[in-house]
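Each chain, written out:
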Amino acid sequence: MSVSIVVMGANGRMGATIARMAQDSDKYELAAVVERKGHEGRLDFWGCEVSNDLDEVLGKIDNAVVIDFTIPAVSLENAKIAAKHHTPIVMGTTGFTNEERAQLEELAKTSPMFWAPNTSVGVYALTQILPELIKILGEDYDLEMVELHHNKKKDSPSGTAMRLAECLAEAKKWDLDKVANYHREGMIGERPKEEIGIQTIRGGDVVGVHTVYAMGPGERIEVTHHAHSRETFAAGALRAALWLAGREAGKLYSMSDII
């Protein structure tokens, strides 16, 4: 039995990729595509329900799962609508504030919700491996990160970079808010030992590259994840939708719940 999928922001790069992959698989039925008012007219070719109103769509379609890779304010509003209809929602949106994430966690107590800043299996594997690596290396290694993305990306640093930085900080038992350094310029002095540098590069059509550096006496370790295609993230989101369908509410699910 296929899972009905409702794709938010279907004119966007991620939305269009998710819609196409859902339509190409017998595991899913592309039930509806939703765009903001004035832009939905370009979606008729999908051959499914087209709308600018998620509330209206969920009133018509039963047993659907919403997939949302839009922007934080829109995703949060869509999560509220999904909760109203008790419809599961998968979110891959990045850039949520701590307050917005807290609102999602509260909504997830009443309706099934999944959120991950990166839905690739490879990045999830890094979140599991990096803390062990950092613990083994010990105190003599400085930690830095560089992330590259296309010139259309709106948030900086990326959600993936922040998740990886959280893993590093947790392994060190540091407070990321206190040790993160996003910018260096001028006479900054020697590098503190309790610091995680997170630097951002934007340009071209780079899908996503994240490199973590552990630099110690006489050696340097680099761990890099290259995303070659948005299909990697779309496949993860669809996998999450398949998993989330029929789940109970109670918590904001993540990649660790699926894998």
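What you see is a predicted model; the values in this text were computed from it and never measured.

Mind showing me how you'd approach the packing of aromatic side chains here?
Two aromatic rings, taken as a pair, are described by how far apart their centres are and by the angle between their planes. Taken as a whole, this structure holds 3 aromatic pairs when the rule is applied. Relative to Trp 115, the ring of Phe 96 lies with its centre 5.9 Å away and its plane at 75°, an arrangement referred to as edge-to-face. With a gap of 19 residues between them, Phe 96 in the loop between strand S5 (89-91) and helix H4 (98-107) and Trp 115 in strand S6 (residues 113-115) connect regions that are remote in the sequence. On the basis of relative accessible area, Phe 96 is assigned to the buried category, the value being 11%. Looking at Trp 115, the relative accessible area reads 12%, which means it is buried. Its guanidinium or amino end placed over the ring of Trp 243, Arg 247 lies 4.0 Å from that ring's centre, counting from NZ or CZ.

How do you make sense of the pairing of strand S9 (residues 196-202) when you look at a structure like this?
A regular strand places its side chains on the two faces of the sheet in alternate fashion. Of the strand pairs in this sheet, strand S7 (residues 142-149) and S9 are connected by 7 bridges, and their pairing is parallel. Bridge pairing in S9 places Leu 143 opposite Ile 196. Summarising the sheet, strand S8 (residues 180-181) and S9 pair through 2 bridges and their orientation is parallel. Looking at the pairing, Ala 180 lines up with Ile 196 of S9.

Parameters and conventions
Residues numbered from 1 in each chain as written. Predicted model: local features only at pLDDT ≥ 70, side-chain atom pairs only at ≥ 80, totals over all residues. Heavy atoms only, no water. Phe/Tyr/Trp six-rings, centres within 6.5 Å; stacked < 30°, edge-to-face > 60°. Helix = DSSP H or I, 4+ residues; strand = E, 2+ residues; numbered from the N terminus. Buried < 20%, exposed > 50% of the residue type's maximum accessible area, 1.4 Å probe, protein only. Lys NZ or Arg CZ within 6 Å of the ring centre and 35° of its normal. Pairing = 2+ DSSP bridges.

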